[in-house]
Each structure stands twice: as C-alpha cells, then as structure tokens.
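The primary structure of each chain is shown beneath.
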Amino acid sequence: MPEVPPGSLYLGARLDPTSHERTTDAVLYDAANLTTHGVIVGMTGSGKTGLGIVLLEEALLAGIPVLVLDPKGDMGNLALIFPQLEAAQFAPWVDAGDAARQGRTVDQVAADAATSWKEGLAGWDIDGARIQRLHDAADITLYTPGSNVGVPLDMMGDLRAPAGGADPELLQDEVEGLVSALLGLVGVDSDPLSGREHILLANLVAGSWAAGRDLDLASLVHQVQDPPVRKLGVIDLDTFFPPADRTALAMRLNGLLASAAFASWAQGVPLDIEAMLHGTDGRPRAAIVELAHLSDEERQFVVTLVLSKVVTWFRRQPGTANLRALIYMDEVVGYVPPSAAPPAKKPILTIFKQARAFGVGMVLATQNPVDIDYKALSNAGTWLVGRLQTERDKARLMDGLAAATGTSDPAALGDTLSGLRKREFLFHTTSSDHPFTFTTRWAMSYLRGPLSREQITALSADRRSPSTPEPAAITPAAAADATAPSVPSVAAPAALSLADDESSVPPTVAAGIRVAHLDPAAAWAAGVGASPTGRRLQAAVVARCQLLFDDTKADLRQQQEWEAVVFPLAATFDAASARQVDYDDRDLRDAAPDGPGGPGAVVYVLPDAPVGSKPWWTAARSDLTGWLLRNLSLQLFRNAELKLYSRPGESEADFRTRCAAAADDAADVETDKLRATMLTRLQRARDAVAKAEDKVREGAADRDRKRRDAAMDAGAGILGGLLGGRRNSRSILSSLSRVVSRGGVSSQAAERMATAENRLDERRDAVAELEADLAARLQAINDEADARAGRIDTIDVPLERADIEVDELALVWVRTD
C-alpha cells in the first residue's frame, strides 16, 4: 500500500476513465479539506456504506475523533475490527439465520468471511499491523438513547442549567434546539419566531437557566400550566396563550412522563460532546449514536439535541485550519430536505455554514439526491457520488453539483456518473478543477450489516456503567409489565389447566419454517391483541417481502420492503387479514416468555391452520403474492405535458413546485426563440423608421433651400429693374417668370417631403404593431406555462408478479390473554 502522510486519508485508487481498471494512483485526501464538509450519494448496492466506513477508519488512524449518527444501524460495523483475521473472530457476528437459510453452519460462513477479508485486504496491501493500529487508535462506543441495549445516553439531562459564564448567544441556540426537539417529539409543529408553544417553552427554559435553576420535564410541565411570567413580549400571557390551550400543551408533555418507556431517556451517560470525542487517555473516540430502534419523531429529537450540542461545543473551541473532529450522518433522508424545515435542519445548516473556522467537518450520506437541500448545502466542498437509481436522480444531482461546485461542464460529469459500477465513485472537490473516478479500498472493519440488539450489548459490555440496568429491564415487554397491575407472587403450579384447544408444548411446524416469539411491542403495534402479562400464546405469521415498483416512463425503479403480521390464522391462509407493521429480527425472539405463574407457565393455543403441512406454507406464499399483486400499487403525481412524474414520498406541493419550474424553463426556451425571431424583424422595422426620418429631414431641407433661392432671385430681378428704369422692364418680367418657375420646383419638394412624412408614419406604426404582437405572444407563452404546470393527475404504478419477492414467512407466537 502507499505511504500515507500524516493528516491524509487513504480512500482507494483512481480508475482508468476508459477501461474502469484500477490504477496504481492512490487516492490520498487531505483531511483538512473536510472542514468544508462533504456529501456522499449512492443507491443501495453502490458501496456507499463501505465508503463511509473507510472514511471513518482513516479519520481515526489520523487521530481525528468522529461522531456518527446512524439511523439505519450499519455504522456499528466500525467496531468489528479483527487484526488477526481469524474465523473465530468473525463467528460471533455472523447472522445465524442467514447461515441456516443457506444450509450452512455459522462456522462455515465465518471461515468464508475471514478468507474474503484476508484476500480483499491483501489486494490492497493492507496487513494485520495496520488493522492493529486502527484497533489501538480508536475507542469505539455505541450509544443507544432511549434504550440501554448499548450505552444509554441521558437526553433529558439537557434540561439542567449550563455551567455559569456560558455565552448568551450559545445558550439561545441551545434553548432553541432543545425546545424544537422536545416539541417535535410530542408532535407539535411550532416555529421558533412565531409559534406560541415554542416561544413559551423557550422563555421558561431560558428564564430558569438565567436564574441558575435546573429543570426537569416534570417541573417544565408545571410551569407550562402556571408560568412564572405575566407577559410574553408586550402581550399579556393569557391573551397570547390562553390557560386552556396551555393545559393542552401540558397534557402532551405529561404524556411523555406517563410513558414507562420514556424513563429510559433520562438514564445513561451525560450528553457531553467533549467526552464523547476524546478519552481520558487522549485517544480519539468514535461515538456512534444508534437510532435504528427509535421512531421517526424520536430520531429527530435525538439528532436535533446532539447536533445542537455539537454547535455549542465547537463555538467554544479555538480556531484552526486542521480537522479537529468529523461528524458523519448516514441516511440523512428527512433531516435536511429541500422543501421543509424539520427540527434537525437548523443545526445541520449551522454546522455547514460555521464549523469550518473551528476545524469541524460534517459528511452527510444519502441514497437519493432529492433527500438533500443542495442549495442550502452549497458550502459542501467534497462530493463523492456513486451509482444512482434513476436518470432523474442523476439530473437532480447534477443541479446540486453545479450549484455547490460551480462546475462548467455538468453534462460531462453526467456521462461519467452513468458509467459507474459498484464501489466506484466520482470524486469532485472544490480544491481541484478536475473531478475523477476512483474505487474504494477494502474496509478493515467487518461489514456484516445492521447489528442485532444482542450484538450491540456485547460490544458495549465493558463501557456500560455499573448502575445501568441490564437491557432486558427496559425492553418494550418489560416496560408494559411495569405499567400493568401487579400479580401476586405464587409458586408455579404443578400442572396447568388446559382447554381443549390448548397445549403445554407448541405444535409441530413444517421443516424449513422459522419459529419465533413476537416481541409484545411489535405485536401491539400490529394490533393483534397482544398482552404482556397473558399466559396464552396464539399463532401468527410474519411476512417480509421485497417489492419493486418499476415504470419506464416515470423513470422509476423503487425498491420497498413490506412487512406484516397475519393474525389470526385460519385453516386457509388469508392474506387479506395481514396487518402491515415494521419489524426486524430483534422483534423475533427464540425463547418463549414466562407466564404470570412463573417459568414455563404459558400455553399454546392450537391454530386451525395446519402449520405442520408444507403445502399450506406454499399456498400461503402464493396467496400473499397474489394479494399484494391485486392490492398494492404506488401512486404518483404526473404532468403528462411536461413528462414529469413525482418521486416516492414527494408531496403534491413539492411536485407542483417542480412542475412550475419545468414549465418556466420550457417557457424560457420558447421566449428566447420568439425574441430571436421578433427582434430581427423589429430591428429591420426600426431601421426603416430611421431611414424614413432621414428622408423627411432631407426633404425639409431641400424644400426650404429652394424656397429661399426663389425668393432671392425674384428680389434681385425686381430690384434691378426698378433701378434701371423703363428700359429694364423686360428684365423685370424675366425675373418674375423665373420666380414662378422656382415656385413650381419648391412645391414639388414640399410634396416629396409630405410623402416622406407619410412613409415615416407608416414605418412607426409597423414598429408599434410588432412590439404589441411580441408582448401578446410573450404573455400567451407565460399563460400557457402556468396552465401546463397545473395539469396534474395521479397514476398508479402496479406490481408485476416478478416484482414481488417473499423473503420470509415465519410462524410467530403472540402472547395474548
């Protein structure tokens, strides 16, 4: 491998632009360049996650701490560093379910993974010594806010008053971030400048902190009902925010306090950015904040609070031109969109605009270009672009690249993007005028995909506080138990009383079908009547399907995952009874839960469905496929005249805005063509006016000259005749004759001038008509553009049988009454 200078990041090697072959020219990127931030874009399968892991590995090797926000759950792979590359090191992290589905053992899959990593790294001349340096350089911690599966993070501790002497501006930003996050968590959309909920809470928090008083959520709820202020601004409090409305807000906030699960948000280590980035031994830390287990609102809450803390942290640091810390966010969809302002957007944009001076860089990764407000992120100095899903995505990205980098030839970059393969990226940086393509090096970390709850717990075992409860204590089932009526402690009965449809052992299930126990929280979300304290286990089927919505005209190729629970089970599988719900392997438990009477005190309700019959499962798979084929489609907005289609998740308002922009662009083209034609005609007409004006001026001059000549001749002849006496009478008559003749010539000149004036008026009328015609036609183009932009309808993109892949059908036992 090449020699990596201090402060450089070894990302991979350049590609030959023609053959796509890897060259010997290593990509060594100066880490300081990332103080201008970066964006990674690539569809699923492009190698985007691997590139992100490589970037973080190099940062840690360079002594740069990293803070990772991980909504998807992939970035925890950074902790899987095995210097010896032995199969036994890989085995604990192999997915046993995948191995079983392949008909192989865990050890066999682990051995293949070890071999693959040895050979892959050897191909890049990376040896165990460099992996060991990475292992020794970084202290990697997996934080799990709202859960103690990993290292819990105390999010509610932010209500405590900051240390004295804090900068008022920093406090204001921190208060705004805290209040925005809290309101987002309870589903209240309130603008910081005009929303009364935001203004009230911000005043309450800021007032308490200014007085040096700590807050907790309970005291904040009380203050909402009975605020320690009489006015907000110059308006009386009860007028600005009536008591009844304040009570409604207090009830929303109190709902958090009443939730047993919310108690976990106040557990764990403090949200201290400095401690998360630097260890007491001076080593850089990799703080990975796992978000996959949270709801969308909870993720916004965590991201907003964490990044608001990052902003106040870096503003306290001295300035530097070096990269002091790297903030990495995977799958940024929903956090900095182009047409909305979720709570997390402000701190992200603040980091992009201000963090450079303090040596803090941020890299955002996403699958789809529409996920990011490129205009807002025009400060990004590094763009790493992989394979994209559609041509429309590529066009959207090119708009962003043009805005962010000022490239003079976006079309050439577009051609390059079309030819990218897996793990190949276009590297565009403002520090260079010449973008190039490269392939990423092999990651030193084991890229096994999202970590399970048990694996996160194992990786966090030596970092958990002794006072932290074990993970089982805050699982959804345990949280539900905590709020249920208490059950007297009794000894387990010698035998359970069973009904005719009950058994103390589960029935036999067909070979090859997975059997698990559905987590009560997932069952409750699916609405299947789950009870965390019940003794009866009833059978259900969970299904996971991959759906491909494909439409050539719409330039659409959208992969979606569809998951559902089918309950109850009838003798004939009925997909119409499926209840769609998100679940993952962490919601499917191998061990049966204990009943209220102690271990083993549960009974299985025998289903009507012949779950032990393989044909029943075959028919179930076929029925599910047919039901999805008939009932599921993807609805898109369409503008047929503009040949535009909405993207999945794009709102009608956003699509209308895009149609208006496209219609304006088309109108601009028509306007340019019309002006090019009409301006030529106008110029000719104006030239004709100018010539006519010249003719009028020449005619007037000729007429006046001839009039003067005639008058002078006549005067001279008559005067001479008078002075010469009678003998000169003939001369007088001759002069008078010439005057009459000159008068005729002068009259002809006047007629010619009148003709020229008439021609001038005609030319001026022609110019006026052309100008009026141009204005009318321009208005018609604009009116038609507005009409075309508004002609929007909806279409359904149906599924085809080949677009449906049933990944999993499993029998699960649901704990009911």
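Reference entry: report on the structure contained in this document. Just so you know, these numbers come straight off a predicted model, no measurement behind them.

## Looking at helix α19 (residues 614–631)
Phase 1 of the analysis: The end-to-end C-alpha distance of α19 is 26 Å, a good match for the 26 Å that 18 residues give at a rise of 1.5 Å each.
Phase 2 of the analysis: Along α19, the positions that sit buried rather than exposed are Trp 616, Trp 617, Ala 620, Leu 624, Thr 625, Gly 626, Trp 627 and Leu 628.

## Examining the packing of aromatic side chains
Phase 1 of the analysis: In this structure the tally under the stated criterion is 19 aromatic pairs.
Phase 2 of the analysis: Geometrically, the ring pair formed by Phe 427 and Phe 436 is stacked, given 5.1 Å between the ring centres and 20 degrees between the ring planes.
Phase 3 of the analysis: Residue classification places Phe 436 among the buried positions, given a relative accessible area of 16%.
Phase 4 of the analysis: Residues Trp 562 and Trp 627 carry aromatic rings whose centres are separated by 6.1 Å and whose planes lie at 45 degrees to one another, so their mutual orientation is tilted. Pair noted here: Trp 562 is in strand β19 (residues 556–566) and Trp 627 is in helix α19, with a separation of 65 residues, a long-range link.
Phase 5 of the analysis: Using a relative accessible area of 5% as the deciding quantity, one classes Trp 562 as buried.
Phase 6 of the analysis: Taken together, the ring pairs connect Tyr 29, Phe 425, Phe 427, Phe 436 and Phe 438 into an aromatic cluster.
Phase 7 of the analysis: One cation-aromatic arrangement involves Arg 14 over Phe 436; the distance from NZ or CZ to the ring centre is 3.7 Å.
Phase 8 of the analysis: Taking NZ or CZ as reference, Arg 22 lies 3.5 Å from the ring centre of Trp 124, over its face.

## Details of unusual backbone geometry
Phase 1 of the analysis: For the bond running from Phe 567 to Pro 568, omega is -5 degrees, close enough to zero to count as cis.
Phase 2 of the analysis: Relative to the helices and strands, Pro 568 resides in the loop between β19 and β20 (578–580).
Phase 3 of the analysis: Residue Lys 643 is not a glycine yet carries a positive backbone phi of 60 degrees.
Phase 4 of the analysis: The topology assignment puts Lys 643 in the loop between β23 (633–639) and β24 (644–645).

Procedures and definitions
- Residues numbered from 1 in each chain as written.
- Predicted model: local features only at pLDDT ≥ 70, side-chain atom pairs only at ≥ 80, totals over all residues.
- Heavy atoms only, no water.
- Helix = DSSP H or I, 4+ residues; strand = E, 2+ residues; numbered from the N terminus.
- Expected span 1.5 Å × (residues − 1).
- Buried < 20%, exposed > 50% of the residue type's maximum accessible area, 1.4 Å probe, protein only.
- Phe/Tyr/Trp six-rings, centres within 6.5 Å; stacked < 30°, edge-to-face > 60°.
- Lys NZ or Arg CZ within 6 Å of the ring centre and 35° of its normal.

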